[in-house]
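Chain by chain, the residues:
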Amino acid sequence: MNKLSAVLIALLASVSLSAHADVITAQQAANDYGVFAKRLNPNSTLSADAGRAFYTKKVVVNGKDVSCSSCHTDNPANTGKHNVTGNPIKPMAPSVNPQRFSDINKSEKNFTNHCKDLYGKNCSPQDKGDFVTYLLTTK
Ligand code: HEC
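Residues numbered from 1 in each chain as written. Predicted model: local features only at pLDDT ≥ 70, side-chain atom pairs only at ≥ 80, totals over all residues. Heavy atoms only, no water.

Asker: Honestly, the overall build of the protein chain in this entry has me stumped. Any pointers?
Answerer: Along the protein chain, the regular secondary structure elements total six helices and four strands. By sequence separation, contacts in the protein chain at least 24 residues apart represent 55% of the contacts at least 6 residues apart. (Helix = DSSP H or I, 4+ residues; strand = E, 2+ residues; numbered from the N terminus. Contact = heavy atoms within 4.5 Å.)

Asker: Got a minute to help me understand the state of the cysteines in this structure?
Answerer: Here, the word disulfide means a covalent bond between the sulfur atoms of two cysteines. Per the stated rule, a full pass over the model turns up one disulfide. Two residues, Cys115 and Cys123, share a disulfide whose sulfurs are 2.0 Å apart. Across the S-S bond of Cys115 and Cys123 the torsion is about -105 degrees, and the bridge reads as left-handed. Accessibility classification places Cys115 together with Cys123 in one group, the buried group. (Disulfide = S-S within 2.5 Å. Buried < 20%, exposed > 50% of the residue type's maximum accessible area, 1.4 Å probe, protein only.)

Asker: What am I meant to see in the coordination of the iron atom of the ligand here?
Answerer: Ideal donor angles around a metal are set by the shape: a four-donor tetrahedron calls for 109.5 degrees, a six-donor octahedron for 90 or 180 degrees. Protein coordination at the iron atom of the ligand: the donors are His72 (NE2) and His114 (ND1), at 2.1 Å from the metal. Using a relative accessible area of 37% as the deciding quantity, one classes His114 as partly exposed. (Donors = N, O, S within 2.8 Å, 3.2 Å for Na, K, Ca; no water.)

Asker: How should the confidence of the model for the protein chain be read in this particular structure?
Answerer: The predicted structure's coordinates, where accompanied by low pLDDT, should not be read in detail. The predicted model of the protein chain averages 89 in pLDDT, with 83% of residues at 70 or higher. Ignoring residues within four places in sequence, the model shows residues 16-23, a span with pLDDT below 50, making 13 contacts including any to other chains. (pLDDT = per-residue confidence, 0-100.)

Asker: I would appreciate a short explanation of the site of the ligand in the present structure.
Answerer: Around the ligand, a shell composed of 21 residues is seen, among which Cys68, Cys71, His72, Ser107 and His114 lie nearest. Interatomic distance of 3.2 Å between a backbone N/O atom of Phe101 and an oxygen atom of the ligand. Here a nitrogen atom of the ligand sits 2.7 Å away from a polar atom, N or O, in the side chain of His114. The pocket occupied by the ligand, as judged from atoms lying within 2 Å of grid points, is the largest pocket. Those elements giving two or more residues to the shell around the ligand turn out to be α4 (68-72) and α5 (104-119). Looking at the shell around the ligand element by element, the count peaks at seven residues for α5. (Near = heavy atom within 4 Å. Polar contact = N/O pair within 3.5 Å; in protein donor to acceptor, adjacent residues only side chain to side chain. 1 Å grid on protein atoms, 1.4 Å probe; cavity = no way out; pocket = protein on both sides within 12 Å on 5 of 7 lines; lining within 4 Å. Sits in = over half its atoms within 2 Å of the grid points.)

Asker: Hey, could you run me through the layout of surface pockets in this one?
Answerer: Gaps between atoms show up when a probe of the same size as a water molecule is rolled over them. Taken as a whole, the largest pocket spans an internal volume of roughly 850 Å³. In terms of lining residues, the largest pocket is bounded by 31 residues, among which Cys71, His72, Ile89, Asn110 and His114 are the most central. Residue assignment for the lining of the largest pocket shows that the elements contributing at least two residues are β2 (64-66), α4 and α5. The greatest single-element share of the lining of the largest pocket, amounting to nine residues, is contributed by α5. The residue makeup of the lining of the largest pocket, split by class, is 14 nonpolar, 11 polar and six charged. (Points joined across faces, edges and corners; volume = space filled by probe spheres on them. Nonpolar A, V, L, I, M, F, W, Y, C, P; charged D, E, K, R; others polar.)

Asker: Explain helix α3 (residues 48-56) to me, please; I cannot follow it from the model alone.
Answerer: Each full turn of the α-helix corresponds to 3.6 residues, which orients residues three or four apart in the same direction. Inspection of α3 places Gly51, Phe54 and Tyr55 among the buried residues, and these make up the whole buried set. The buried residues of α3 occupy an angular sector of 100 degrees when projected down its axis, which confines them to one face. Capping the start of α3 is the job of one residue whose side-chain oxygen sits 3.2 Å from the backbone nitrogen of Asp49: Ser47. (Arc of directions from axis to C-beta.)

Here's what the structure looks like:
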């Protein structure tokens, strides 16, 4: 784990998350990423539009165009489908799947894995905050 992730996890772990998984919790996750993004760049603000662009941005992996939406589908409120195995993936939108972003360790692990798959490195707190902010607008 690099130093930045360690700091981020420590920061997020220090925030008491609601025992009930609900949209407020996903909002809290977005807020936490926002706080961290601001520490790295004081002018940072989270943007649903930037999150949408990030969600649909295509990169070439093993000769194929891939984006977050390749598995999580164009509408995050829909059930996703793994682009290789075809297995269903529960919707990403907290409005229809309140479990989303209720467990920050799980969220961080998935962010790290999927960002590495697509970009070869973890995504920034700004990207993650924008991503969750966008998901919060979908239904
Ligand atoms: C190859 C298919 C695939 C791609 C591409 C993909 N994901 Fe995922 N994603 C999954 C699967 C599978 C899960 C885990 C199953 C679940 O949580 O329902 C998941 C779950 C997640 C979670 C966990 C959310 C939570 O807290 O419950 C996050 C965050 C996530 N993905 C972010 C991303 C981002 C960001 C991208 C684009 C950079 C991306 N994913 C691209 C398949 C994918």
